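A look at the structure
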Amino acid sequence: MNTRFLGRSGIEVSALGMGCWAIGGPFWAGAQPLGWGEVDDDESIRAVRRAIELGVTFFDTANVYGAGHSEKILARALEGRRDEVVIATKFGGTFDEQTRQTGPDDGTPANVERSVRESLRRLGTDYIDLYQLHINSLPIPEALDLVPVLEGLIDQGLIRAYGWSTDFPERADAFATEGRRCATIQADLSVLRGSFEVLPVAAKHDLGVIIRGPLAMGLLGGRYSATSELPRDDVRGLSPEWMTYFHDGRPTPEFLTRIDAIRDILTSNGRTLAQGALAWLWAFDARTIPIPGCRTVAQVEENAGALQYGPLTEPELAEIERLMGRA
């Protein structure tokens, strides 16, 4: 169970990936922080390399993370090891690399052509394995305008496959129907809540399902309580509107209650809470490839340890679904 395919692309990856949002460091939309606070670049590099040692071959980033910094750090970490890994990045966000301020989303064909070359430069590679549209709610007609461009990038050898990071099943369905070499959907999903409706679409089109937020923005790491307060330079600390797991820098009580209800099942057989949350995803749908964010070696080691345990059992899965009110 330790490997998966990126859908119909046939690209094989580890069943667990590493999300690289956090290693990008600070970036902003005006005064709103979009990163996870300050980072130690050397520790980020050690974390990526440790992930490879532990069997992780799939690294997911985006051009906008850290206003390009995540891609640059990933390039440094993977120097001399490019052929051992699969790199996914995303396009659609705009930003200034110097000020680290983001601009408006740009889902135009011209931006795809420009962005892919900029990401190739920052990543220090001549191809990207998986290139993903990063505008969750882009209107379907505009998204379909990008399909010929993305197909052309494959023909040029600049990318190997493409997908869409979207939580809207109708968008995923249209994109996969039109895009012959569309391979994946990336969706927000954890044992606590998420975009369950995209899973039948993935099955219909043989898409890989990359799971962002598998640890509920850190809540399922087990380190936060009702009295925890996140710093204001963290995206969770000055919580934007879409941030459901935290509000005003504090964990949302409803989700802490849900965690308490299923904690014993998730931590059975010696798993940590985070490892159990990853095991739930693998049990819930065999297409899932969770990409928990990491910025330290310790986080990588804990998450990669989940591979040794594998999925939850069917009875464990059924009991969690009952407790969550989904059965």
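The rules behind these values
- Residues numbered from 1 in each chain as written.
- Predicted model: local features only at pLDDT ≥ 70, side-chain atom pairs only at ≥ 80, totals over all residues.
- Heavy atoms only, no water.
- Salt bridge = Lys/Arg side-chain N within 4 Å of Asp/Glu carboxyl O.
- Helix = DSSP H or I, 4+ residues; strand = E, 2+ residues; numbered from the N terminus.
- Buried < 20%, exposed > 50% of the residue type's maximum accessible area, 1.4 Å probe, protein only.
- Right-handed = clockwise from strand over helix to strand, strands pointing away.
- Pairing = 2+ DSSP bridges.
- Contact = heavy atoms within 4.5 Å.
- Phe/Tyr/Trp six-rings, centres within 6.5 Å; stacked < 30°, edge-to-face > 60°.

**Topic: the pattern of salt bridges**
- What the rule picks out here adds up to 28 salt bridges.
- Residue D42 pairs with R76 through a salt bridge whose shortest N-O separation is 3.8 Å. In this pair, D42 is assigned in helix 1 (residues 41-53) and R76 in helix 2 (residues 69-77), connecting sequence segments 34 residues apart.
- Judged by relative accessible area, D42 falls into the partly exposed class, the value being 42%.

**Re the pairing of strand 11 (residues 208-212)**
- Across the five residues of strand 11, five count as buried, placing the element largely inside the fold.
- Burial along strand 11 is two-sided: G208, I210 and R212 and V209 and I211, pointing in opposite directions, are all buried.
- Handedness of the β-α-β unit built from strand 10 (residues 182-188), helix 7 (residues 198-205) and strand 11 comes out right-handed.
- Pairing geometry for strand 11 and strand 14 (residues 288-290), over three bridges, is parallel. Counterpart to I210 in the pairing with strand 14 is I289.

**Describing the environment of G213**
- Locating G213 in the fold gives a position in the loop between strand 11 and strand 12 (246-247).
- Relative accessible area serves as the criterion here: at 17%, G213 is assigned to the buried category.
- Separated by 38 residues in sequence, G213 and P251 place their C-alpha atoms 15 Å apart.
- Sequence-distant contacts of G213, defined by excluding residues within four places in its chain, comprise D188, L189 and S190.

**A closer look at the packing of aromatic side chains**
- If you walk through the whole model with that rule in mind, you get 11 aromatic pairs.
- Seen in terms of ring centroids, W21 and W36 are 5.3 Å apart; in terms of plane orientation they differ by 90°. Their pairing is edge-to-face. Here the residue W21 occupies a position in the loop between strand 3 (17-19) and strand 4 (28-29), and W36 occupies one in the loop between strand 5 (32-33) and helix 1, the gap between them amounting to 15 residues.
- On the numbers, 5.9 Å between centres and 75° between planes, the contact of Y162 with F175 is edge-to-face. Note that Y162 is positioned in strand 9 (residues 159-165) and F175 in helix 6 (residues 169-178), a separation of 13 residues in sequence. Just as Y162 is buried, F175 falls in that class too.

None of the figures reported here should be taken as evidence of function without further support.
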